[in-house]
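Residue-level structure breakdown
Spelled out from the first residue to the last, the chains are:
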Amino acid sequence: MTTIRRLVSRLSLDEKIAQIQGIEPQDFLDPSAALDSDSDFDSFPGFQYQMERLPLVRPHGVGHLSLGQQLHRDLDGLRRTLARLQEVAKEVNPFGIGVLVHAEGVSGFVHPQGYQFTTPWGQAATWDPNVSTTIGRTAAAQARSVGIHLFFSPVLDLARDIRWGRVHETYGEDPELITRMAAGFVRGVQGEDGASGVLATGKHFLGYATSLGALNQAATQLGRRELVDVHAAPFRRLIAEEGLSVIMNSYNDIDGIPAAANRWLLTDLLRDELGFTGLVVSDYGAVSMLHNTYRIAATPGHAAALALTAGLDVELPGNAMTRGLRHLIEDGTVPEQTLDRAVTNVLEIKARLDLIPEIRATNAAPPSTAAERPTTEQPARDIATASITLLANDGILPLSPRSAKVAIVGPAADELRIHFGAYSTVSEAEMARAVYLITTGQITGVSASPEVFPDLFQVRLPGTEAIFEKDARALHPAAKTIAEAVSAIDPTVRYHALGSLELDAPALDRKAVITAVADADIVIAVVGERTGWAGNNTAGEGRTTADPTLKGNQNDLITTLHEAGKRVISVVVSGRPLVLQSVHEASSAVLLAPLLGQAAGSAIADVLFGVTEPGGRTPSTFPRHGGQIPLYHGHPLGSGYDHPTQPRHGNIDLADSSPLYPFGHGLSYTTFDAGFDDVTVDGETLLVSGSVRNLGERPGTTVVQLYTRDEGASVVRPVRQLVDFRRVAVAGGAAETFEFAVPLSRLAYTWPDGRRGLEAGEITVLLGLSSADIRAEAKIDAPAIVL
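Throughout what follows, the structure given in this document is the object of discussion. (Residues numbered from 1 in each chain as written. Predicted model: local features only at pLDDT ≥ 70, side-chain atom pairs only at ≥ 80, totals over all residues. Heavy atoms only, no water.)

Considering the overall build of the protein chain
- Within the protein chain one finds 22 helices and 25 strands.
- Radius of gyration (C-alpha) of the protein chain: 26 Å, near the 28 Å computed for a compact globule of 787 residues.
- When burial is assessed residue by residue, the protein chain has 61% of its 787 residues classed as buried.
- In the protein chain, 77% of the contacts between residues at least 6 apart in sequence involve partners at least 24 apart.
- Once the 66 positive and 91 negative side-chain charges of the protein chain are each reduced to a mean point, those two points are 2 Å apart. (Helix = DSSP H or I, 4+ residues; strand = E, 2+ residues; numbered from the N terminus. Rg over C-alpha atoms; globule rule 2.2 N^0.38 Å. Buried < 20%, exposed > 50% of the residue type's maximum accessible area, 1.4 Å probe, protein only. Contact = heavy atoms within 4.5 Å. Lys, Arg positive; Asp, Glu negative; His and termini not counted. Charge placed at Lys NZ, Arg CZ, Asp CG, Glu CD.)

Dropping the structure here:
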C-alpha cells in the first residue's frame, strides 16, 4: 500500500518543488494573442485559457491552481475547463497526482454566477452561527460541482481599527463571536464529517488587521501575550474543535520578522502550541515580499528558503520565488527534508480530497455530475433581514404605507452595486471588466503598466461607476434597489437623486435639496460607501481611510434635511463601523445595512415598513469620533472607556468617551428583559440558566449575551469577555428560557511564568442584551485550570 512518505521519496527534486508551487490563469494564455481595443466586453467570451499549455509552463507538474474560479465566466464552462486541466495535469504530474484548485467563498462562491449572501461582517451581525453554516454549505456545493477543492475563507482576523479596508471580510472585533461564526462556516464548507470534498482555510495568521495606521500589509505591534491569547484564539479553537486543516499566513511583520518568514509564528506557535498538523499556504505574493518589499532575502531563492524553513508549505499564486529553490537544496543551504515536510503536507491534503490515484480517500465525496445553480433567493433574503441592525429609533419606525408623505434620497438609494463587498460576484466581475478596459486602453489616464496591475486595488478608474452598476444589475436582474423596493410597498414615496458619495463630490446644493423634499414629512436618506476591489471604492482590500466617515457630501445632506424640519430615517450601507455622530444627531432613526448583496433592497424595505423586524446586533463598536480608534468592548482593565469601579481617562474634547453604538447593540420593534435563574460551576464548566421576556405585544428576536470578568488574575485581563451568546425568538408577551455551559478553559490566558490556564479566583458573570446593556450579574469562584 502506497503511503504519503513513500510517495514523496519517489519524487524527483523538481517534482517535489512543483508540488509546493501555484499556477495562475494568466499562465494558460497564449502571449501572442492580443485583445482588440475596439472589441465589446459584453460579447467577449472571456480570455481563452489553454489548458494544454501546462506542460510548456510547468514541465515538472504543478501542485496548485490559484484563482480557479476565473477560468470561465459560465459555471458549466468552468466545470469543463477544470476537468480538462485535471486531465492534462495528470499526464504531467508524477503518478497522476491532481491539482488542488483554489477559490474564495467568504459570502458565497466567488464567481459571476455564484450564489451570494451578505458579507461576513453582516453575517456576524446575526449572531447566529447557523447563518454562516448555511452560507458555507451553499458555497461549497457550488464550488465542488465545478471542481474547486479549497476556499481561502474564513477570515479570522480581529478587526478593531475601522480605518482598515477589509473589516467587511471579518466577523468583527471579538474573538468569541469570530470563532463561533467561523466555526459555523467551516462546518458548512467541510460537512459535519469533514468529507464534503471542499476544505476551508483560516486566515490571516496572525494579527493582520492590527497594523500600523490600519494600512494594508503594514507591521503589527502587539505583545506575544496579546497575539497568543487574543488574536490566535479563533485559530486555536477551530483547529481543536472543527478540524481546520489549512492556514494562510498574513502579510504583516511582527517585531521585525515578516509572517511568511516567522518560525516562531508558523512553527512554534501554530504547530507546537496550537497543535496544527495541516497545510500552511502563503497569501498571494507574501513570499515575494520577503525579497521585493521587506528586502530580508538577497534572492528569490533565499526568500523561498526563509519561508520554507519558517514553516510555510506552499507559495502562491505562482512560483516566482520557489523556482529559485533548487540550487539552494543542492548546495545544502536548505535541507531536502525541509522540502519533504512541505510536500508531505500538500499530499496529505490531496489524498484526503482523492487527488492521488495511488491513495484512495476512505470517505471521498462522490463526483458531482453538473454545475450547481441556486433555485431560490429566499435564504439570502432571510439572512439579510437577520443582519439589518436598527441602531437608533425615536419611534418613527416601522413606517405604515401611505400614512405620511415620504421621500427617499441619497446616493445609495437607487444603486445596486453598493450592497456588495469584495470577494463577491460583483467584485469578481468588476476585476475582469477593469482588466479588460485597461488592457484595451479604454480608461483615460490609466495604462496597462507595471505600476497599475500589481496593485489594481488602489488605482482609481475614472468613469467606471456607471459601467459597474450596469454590470451588477446584469448579474442580478431580479434584485431591487432600496428606492425600487420601498416604492413597491408604498407607491406614494418619491425618489429624488440627491447627494454624492464620491471623494471629489461638489458642495451640496442645499437649496435644491430643500426644494425637492418640500412636501415630504419624512425623508429616508440612503447613504454609505462602496466596497470592493477595482474602481473607485473607499473600502476594500488595500483601501485604508484616514477618516472613516461618510464620504462626499452625505453628512451635509442629512444635516440639511434635519435643519429643514424633516424627520430623517438614515439607512447606512456599509461593511464596517463609520463615525456617525452627526448622522445620529440629525436622524429620527438609523438603520445599518451591512452589505446584504442582491437581497438588500427588498429586505431593507420590509424592515422599514415593519413587514419584518431588524434582526441584527453590532459585531463591532461604533466610535463617536475618529480619535477614539481603535475602540472595542473587551479592552484591558485600566485602558479604554469602561471600568467596573473607577472613572477612566477619556478624550478631553469629547463630552462622552463611550461608544456611540456599543458592541452587541441593536434595537427591535419590541423590548426585552432578561435575567439569571442559576449560575454555578460544575468541575471545569460554568453553568448558567435564565430567561428572556418580550415586554411588548409584537413577536421579536433578541441576542442574549454572556460576559465574564476575571477578578483574580495575575495579569491584566479584559474589562469584559464574551464567552457565549444565543439568538432567541420570543412571542409577544411571552418568555423563553436559555442555558449556557461554558468550558472555563475559554477564560484561559498566559500566566507570568509562561504556562497557560485559569488561575483560581473570583469571576464576575454578566448577562447582557449588549455589552453596555447588562441586565444581571453574579459571582462565582473558579478553580485553577492548567492547560
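Okay, back to it.
Observations concerning the side chain of Q19
- With respect to the helices and strands, Q19 occurs in helix α2 (residues 13-19).
- Within the local environment of Q19, its side chain forms a polar contact with the side chain of K350, the two groups lying 2.8 Å apart.
- Q19 has contacts with V62, G63, H64, N93, I97, V343, V346, L347 and K350, leaving out every residue within four places of it along the chain. (Polar contact = N/O pair within 3.5 Å; in protein donor to acceptor, adjacent residues only side chain to side chain.)

So, the environment of D14
- Checked against the element boundaries, D14 lands in helix α2.
- Once residues lying within four places of it in the same chain are set aside, the contact partners of D14 are H60 and R326.

Structural notes on the sheet that holds strand β15 (residues 589-593)
- On the basis of which strands lie adjacent, the open sheet formed by 6 strands has the order β10-β15-β14-β13-β11-β12 and mixed pairing. Two strands lie at the open edges of the sheet, namely β10 (389-393) and β12 (494-495), each paired on one side alone.
- In the sheet, strand β14 (residues 567-573) pairs with β15 via 5 bridges, with the strands oriented parallel. Residue V572 lies in a different strand from β15, and its bridge partner there is L592. (Pairing = 2+ DSSP bridges.)

What to know about the sheet that holds strand β20 (residues 735-743)
- Ordered by their spatial adjacency, 3 strands build an open sheet running β16-β17-β20, and the pairing between neighbours is antiparallel. Strands with a single pairing partner mark the edges of an open sheet, and in this sheet they are β16 (672-682) and β20. The average angle at which neighbouring strand axes cross in this sheet is 20 degrees, direction not considered.
- In this structure, β16 lies alongside strand β17 (residues 685-694), joined through 10 bridges in antiparallel fashion. If you follow V681 over to β17, its bridge partner there is L686. (Axes fitted to C-alpha atoms, helices over the stretch in contact; angles between N-to-C directions.)

A word on helix α22 (residues 600-608)
- A large share of α22 lies buried, amounting to 9 of its 9 residues.
- Every buried residue of α22 is listed here: A600, G601, S602, A603, I604, A605, D606, V607 and L608.
- Turning to α22, the residues buried within the fold contact α15 (378-387), α18 (482-489), β13 (522-528), β14 and β15.
- Backbone geometry just after α22 places G610 at a positive phi near 75 degrees.

Quick notes on the nonpolar core
- Within the largest apolar cluster, 194 residues are counted, with the highest numbers of intra-cluster contacts made by F205, L325, I524, I604 and L608.
- The dominant element in this core, judged by the number of residues it contributes, is helix α7 (residues 175-190), at 8 residues.
- Once you skip the residues sitting within four places of it in the chain, I524 turns out to touch L399, V406, A407, I408, V409, V486, I569, V571 and L608.
- By size, the runner-up hydrophobic cluster in this structure holds 30 residues, among which are V688, V728, F740 and A778. (Core = buried A, V, L, I, M, F, W, Y, C linked by side-chain atoms within 4.5 Å.)

Quick word on the packing of α15 against α22
- For the pair α15 and α22, the least separation of the axes is 9 Å and the interaxial angle reads 50 degrees. With respect to their mutual orientation, α15 and α22 come out oblique. The two elements α15 and α22 cross, and the hand of that crossing is right-handed. Between α15 and α22, the contacting residues are R381, A384 and T385 on the first element and S602, A603, D606 and V607 on the second.
- Taken together, the residues of the contact of α15 with α22 break down into 3 nonpolar, 2 polar and 2 charged. (Parallel < 35°, antiparallel > 145°, perpendicular 65-115°, else oblique. Left-handed = near helix turned anticlockwise from the far one by under 90°. Nonpolar A, V, L, I, M, F, W, Y, C, P; charged D, E, K, R; others polar.)

Considerations on the side chain of E315
- One can find E315 in the loop between α12 (300-310) and α13 (326-330).
- It turns out E315 is buried and unbridged, and the closest side chain with the opposite charge, R323, is 7.5 Å from it.
- In this structure E315 touches I20, Q21, G22, S282, V287, S288, A320, M321 and T322, once residues within four positions along its chain are discounted. (Salt bridge = Lys/Arg side-chain N within 4 Å of Asp/Glu carboxyl O.)

Quick word on the pattern of salt bridges
- All chains considered together, the criterion is met by 42 salt bridges.
- Taking the shortest distance from any N to any O, the salt bridge between E358 and R10 comes out at 3.0 Å. Residue E358 is located in the loop between α14 (336-352) and α15, and its partner R10 is located in the loop between α1 (4-9) and α2; the two are separated by 348 residues in the primary sequence.
- Overall, E358 belongs to the partly exposed group, its relative accessible area being 33%.
- Between E484 and R473 there is a salt bridge; the shortest N-O distance is 3.6 Å.

Notes on the environment of V167
- Following the sequence through the fold, V167 ends up in the loop between β4 (150-151) and α7.
- Not counting residues up to four positions away in its chain, the partners in contact with V167 are W121, A159, D161, I162, G575, R576 and P577.

Concerning the pairing of β10
- Across the 5 residues of β10, 4 count as buried, placing the element largely inside the fold.
- Pairing of β10 with β15 involves 4 bridges; the strand directions are antiparallel. Directly across from L390, in β15, lies its bridge partner L591.

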